[in-house]
Amino acid sequence: MVPGQEHVSDILIVGGSLAGLMTGLAMSRHGFSITLLERSSDIDRTGAALQVGDGLLEQLTGRRHASGMLAAGVQAWQSVYRGLRAAAEEAGILVLQNARVETTGQVEGHAWAMTSDNRRFEGAVLVGADGYQSVARRYVSPERPDAIFADYLAWVGFAEESALSVRFPPNLEFLGSGPYVLLGFPLTAADGSPERGRRRVGWGWYDAGHNAILRKTGAVEGSLVRHSLRPNDMPDELFEELAELARLHWPSPWREAILECIARRAVLGTPVVEYLPDRLVSGRICLVGDAAHVCTPMTGNGFATAADDALILARFLDAAALQAEPIAALKLYEASRLPEVRRLARSGQQVSKNFVRAAR
Ligand SMILES: Cc1cc2nc3c(=O)[nH]c(=O)nc-3n(C[C@H](O)[C@H](O)[C@H](O)COP(=O)(O)OP(=O)(O)OC[C@H]3O[C@@H](n4cnc5c(N)ncnc54)[C@H](O)[C@@H]3O)c2cc1C
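Owing to the predicted nature of the structure, the values given are computational and were not obtained by experimental measurement.

J.: How should I be thinking about the packing of helix H1 (residues 18–28) against helix H3 (residues 77–90) in this particular structure?
T.: Between two packed helices, both the angle of their axes relative to each other and the distance between the axes serve to describe the pair. H3 packs onto H1 with a crossing angle of 30 degrees between their chain directions and a minimal axis gap of 10 Å. One way to sum up the angle between H1 and H3 is to call them roughly parallel. Along this stretch, H1 crosses H3, giving a crossing that reads as left-handed. Between H1 and H3, the residues in contact are Leu18, Leu21, Met22 and Leu25 and Trp77, Val80, Tyr81, Leu84, Arg85, Ala87 and Ala88, respectively. For the contact of H1 with H3, a count of residues per class yields ten nonpolar, no polar and one charged.

Encoded structure:
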């Protein structure tokens, strides 16, 4: 597509990560033409250990899929992304990368998105699945468009089990020590193998004591989160301090995993954000996933909530509704979904508040 040219589809989705892909897959059951716009060319997110329910793909699309396309269990973000992306290709969803949406809007009969390189895309419905800094949310909730920094961060890292001479437990572990909370989780190997010794292990260490560096590096400005803290932003003294704290607070085998990541400088500092929505819909534009609501990852429910958003949206927005009453169908989606996502966002806020209070 060249600048100035228009592209029209039934469903236009902004954001090609997990919520966008799941929404596309759930919509694909109705035979819609679906275009998904993703700003990056290379999508990656570390830190998430996602619980994939049995038969999730089948639930989304209503079809059978090759076994192993998306395995059930605790999976690394990349494995889940790859499975959903392969299924989206199979479903004929048009995924366009390097398509950064700058504005969204609607006129009689359709919604639209304009990209930074001046391409215009139209859809009978536009779904904002563009994460916590959502552009689509600016349209849906212009008076309160931003997710808010929750006053703490999660240090996250991944290690190869084979690089460590300690044994890891079979399941996820939640630990607390002093002002900190640690989530440690073994993941399947890059090729999907759950075999011990070939797995990867991940950890997320919640910390309310290092907000100053987030502000100093511009990762957080006022109450807004701009980006995560990258290893290059982190001075050697900070790594040394984290290593010392890890030795003091975390037991084996998580201590070894953390120290190994610190030695490789393979640690990311992710500021935690939250968003409690007042609405999910405006006319032909609706929101799903982190664009709609954001909870602390401590609750571990972001992925499952995004999957439910996709399923419920597809329940109300079928082929007949898209033809006759798309706006009414989106209103039904909002009425059905808003109370539950507000409840989850509120309970996440409480979890954050308790954590920060105990840490101070
Ligand atoms: C550190 C961390 C740990 C987590 N751990 C867990 C966990 O253990 N369990 C769990 O269930 N959930 C976890 N989550 C949350 C979970 O990852 C998300 O809730 C879930 O994946 C849904 O994300 P999303 O697709 O809505 O948003 P995102 O993953 O943020 O994706 C948004 C996509 O939209 C794209 N985009 C943004 N703006 C634009 C634009 N203007 N134009 C085009 N594209 C755009 C982005 O590039 C991105 O690909 C964690 C999150 C974090 C940050």
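J.: So what exactly am I meant to see when it comes to the site of the ligand here?
T.: For the ligand, the set of nearby residues contains 29 residues, the closest of which are Ala19, Glu38, Val101, Asp290 and Phe303. Note that an oxygen atom of the ligand is positioned 3.4 Å from one of the backbone N or O atoms of Leu18. Within the backbone of Phe303, one N or O atom sits 2.9 Å away from an oxygen atom of the ligand. Look at the ligand: alone it shows 1000 Å² of surface, and the protein chains cover 91% of it. Those elements giving two or more residues to the shell around the ligand turn out to be H1, strand E3 (49–52), helix H8 (289–292) and helix H9 (302–316). A breakdown of the residues in the shell around the ligand according to their chemical character gives 14 nonpolar, nine polar and six charged.

J.: Is there a simple way to explain the domain arrangement of the chain in this structure?
T.: For an interface, size is often stated in terms of accessible area lost upon the parts coming together. Its domain assignment divides the chain into domain 1 (6–147 + 275–359) and domain 2 (148–272). Counting residues at the interface gives 19 residues for domain 1 and 28 residues for domain 2. Taken together, the two surfaces of domain 1 and domain 2 that pack against each other cover about 1800 Å², and 64% of this comes from carbon and sulfur. Between the two partners, domain 1 and domain 2, sit zero salt bridges. Across the domain 1-domain 2 interface, the total number found is five residue pairs in polar contact (both at pLDDT 80 or more). Elements that contribute at least two residues to the side of domain 1 that touches domain 2 include exactly strand E4 (73–76) and helix H11 (326–359). Ranked by the residues each element gives to the side of domain 1 that touches domain 2, the list is headed by H11, at four residues. The class makeup of the residues in the side of domain 1 that touches domain 2 is eleven nonpolar, six polar and two charged.

J.: Is there a simple way to think about empty space enclosed by the protein in this case?
T.: Empty pockets left among the atoms are what a rolling probe the size of a water molecule brings to light. Applying the stated criterion across every chain yields a total of one cavity of 30 Å³ or more. Its volume calculated, the largest cavity comes out at about 60 Å³. Taken together, Asp290, His293, Val294, Cys295, Asn301, Gly302, Thr305, Val341, Leu344 and Ala345 form the lining of the largest cavity. Of the residues that constitute the lining of the largest cavity, the class distribution is five nonpolar, four polar and one charged.

J.: I would appreciate a short explanation of the side chain of Glu161 in the present structure.
T.: For Glu161, the location among the structural elements is in the loop between strand E9 (148–160) and strand E10 (173–177). Side-chain polar atoms of Glu161 contact the side chain of Arg199, separated by 2.9 Å. In this structure Glu161 touches Phe168, Glu195, Arg196, Gly197, Arg198, Arg199 and Arg200, once residues within four positions along its chain are discounted.

J.: What's the story with the sheet that holds E10 in this structure? I'm lost.
T.: Strands belonging to one sheet form pairs held by backbone hydrogen bonds; the direction of such a pair is parallel or antiparallel. What the five strands build is an open sheet, ordered E10-E11-E12-E9-E15; its pairing is antiparallel. For this open sheet the edge positions go to E10 and strand E15 (268–274), each flanked by a neighbour on one side alone. Taking each pair of neighbouring strands and ignoring which way they run, the sheet shows an average axis angle of 25 degrees. With six bridges joining them, E9 and E15 adopt antiparallel strand pairing. Counterpart to Phe149 in the pairing with E15 is Val273.

Conventions and cut-offs
Residues numbered from 1 in each chain as written. Predicted model: local features only at pLDDT ≥ 70, side-chain atom pairs only at ≥ 80, totals over all residues. Heavy atoms only, no water. Axes fitted to C-alpha atoms, helices over the stretch in contact; angles between N-to-C directions. Helix = DSSP H or I, 4+ residues; strand = E, 2+ residues; numbered from the N terminus. Parallel < 35°, antiparallel > 145°, perpendicular 65-115°, else oblique. Left-handed = near helix turned anticlockwise from the far one by under 90°. Contact = heavy atoms within 4.5 Å. Nonpolar A, V, L, I, M, F, W, Y, C, P; charged D, E, K, R; others polar. Near = heavy atom within 4 Å. Polar contact = N/O pair within 3.5 Å; in protein donor to acceptor, adjacent residues only side chain to side chain. Areas by Shrake-Rupley, 256 points an atom, 1.4 Å probe, with all protein chains shown as cover. Domains from an automatic or database assignment. Buried area = accessible area lost by both parts, 1.4 Å probe. Salt bridge = Lys/Arg side-chain N within 4 Å of Asp/Glu carboxyl O. 1 Å grid on protein atoms, 1.4 Å probe; cavity = no way out; pocket = protein on both sides within 12 Å on 5 of 7 lines; lining within 4 Å. Points joined across faces, edges and corners; volume = space filled by probe spheres on them. Pairing = 2+ DSSP bridges.

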